[in-house]
Amino acid sequence: SYVNTREILDKASKEYYGVAAFNINNLEFLQAILAGAAEKKSPAIIETSEGAIKYAGMGDYFKGARIFVNMVKEFANDLDIPVALHLDHGKDFNIIMACIKAGYSSVMIDASHYDFEDNLRITKDVARIAHAAGVSVEAELGQLAGIEDNVEAAENVLVNVDQAEKFCAESEIDFFAPAIGTSHGAFKFKGEAKLDYDRLKKVKEITGKPLVLHGASSVVQEYVKIAEEHGADFGGSKGVPSDVLKETVKFGINKVNTDTDLRIAYIAGLREYLDNDSKQFDPRKYYKVAMDYTKQVVMDRIDILGSAGKI
Ligand code: G3H
Ligand code: 13P
Ligand code: ZN
């Protein structure tokens, strides 16, 4: 069934498990994700970036938002797992409003690039409007950047615990994304993956909110290898290892944003298939392995985060 994201994350926060939020741009990723989640009897959060919404609507973000809501609801209505649709990194007020109007389960207002007071003011405004429409809200503090061995640099980009307390108390958001050392994409760490667990624990303690980890892909080397055997070049890519993810969940992370891992699994399957069958030109055939690999990554993540059976 189609639910408010809050329903999924309040339960996860109480019981200390993580739920992956999977980014999509098209039908095939949605199908692969929901097939994996249904098989694992896991709640599923589908998310779309502003770019994904413009892509789907061919530039018309009202249309793009409606397309995703209709697509997700159409599948969710027939499934016995809770499914939510979330706007990821909403920065454009008009796109956020389009998503609320179209029926998204939740929106992220990402004003993390503004100073603290502006971020709080903008976030408050969006939370008031979204809540009036029954839509839950995520917001972020700090910048997504890997931690270097430099305390001063970390203080500049990672979430400030006192600010997190004030932000969560005053903004009335439903879930909170603290920057603790991850970054987006396939190149997160040069050396060892390093996250600020102490900061995370304090933020959980002091805010009591369901917490969100952005840039949480593991960059699964098995699929990097398959992609590279078939012509890709992701040299030096490195994500958040699954044991590190498990630690973050233990310390209070509940929504685990995942885009890169799906993209890599998909391209690995697509490249492998096309390499092995030069005569094929039916998309339903050449997407097959890509979707199987994507579904497998989804199921592995559900196991790592502990959301299987939590419906
Ligand atoms: O946080 C960013 C997501 O991975 C999606 O990014 O759709 O703008 O490429 P994009
Ligand atoms: P990855 O690039 O690690 O998949 O992060 C996705 C994300 O944070 C989307 O908001
Ligand atoms: Zn993100």
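Above this text sits the structure in question.
Residues numbered from 1 in each chain as written. Chains lettered and ligands numbered in written order. Predicted model: local features only at pLDDT ≥ 70, side-chain atom pairs only at ≥ 80, totals over all residues.

### Some remarks on the site of ligand 2
Alright, step 1. Around ligand 2 lies a shell of 14 residues, among which His214, Ser217, Asn257, Asp259 and Thr260 are the nearest.
Alright, step 2. Counting residues per element, the ones that place at least two in the shell around ligand 2 are β3 (83-90), β8 (253-258) and α12 (260-276).
Alright, step 3. Split into classes, the residues belonging to the shell around ligand 2 amount to 1 nonpolar, 10 polar and 3 charged. (Near = placed C-beta within 6 Å. Helix = DSSP H or I, 4+ residues; strand = E, 2+ residues; numbered from the N terminus. Nonpolar A, V, L, I, M, F, W, Y, C, P; charged D, E, K, R; others polar.)

### Let's talk about the nonpolar core
Alright, step 1. Ranked by internal contacts, the top residues of the largest apolar core, which has 98 residues, are Ile33, Ile46, Cys99 and Val107.
Alright, step 2. With 8 residues, helix α14 (residues 288-305) is the single largest residue contributor to this core.
Alright, step 3. For Cys99, the contacting residues outside a window of four places in its chain are Ala65, Leu87, Tyr104 and Val107. (Core = buried A, V, L, I, M, F, W, Y, C linked by C-beta atoms within 7 Å. Buried ≥ 20, exposed ≤ 12 C-beta atoms within 10 Å, placed from the backbone. Contact = placed C-beta atoms within 7 Å.)

### Thoughts on helix α11 (residues 242-250)
Alright, step 1. Of all the residues in α11, the buried ones are Val244, Leu245, Thr248 and Val249. Projected onto a plane normal to the axis of α11, the buried residues spread over an arc of 145° and lie on a single side.
Alright, step 2. Of the residues flanking the end of α11, it is Gly252, one or two places downstream, whose phi is positive at about 120°. (Arc of directions from axis to C-beta.)

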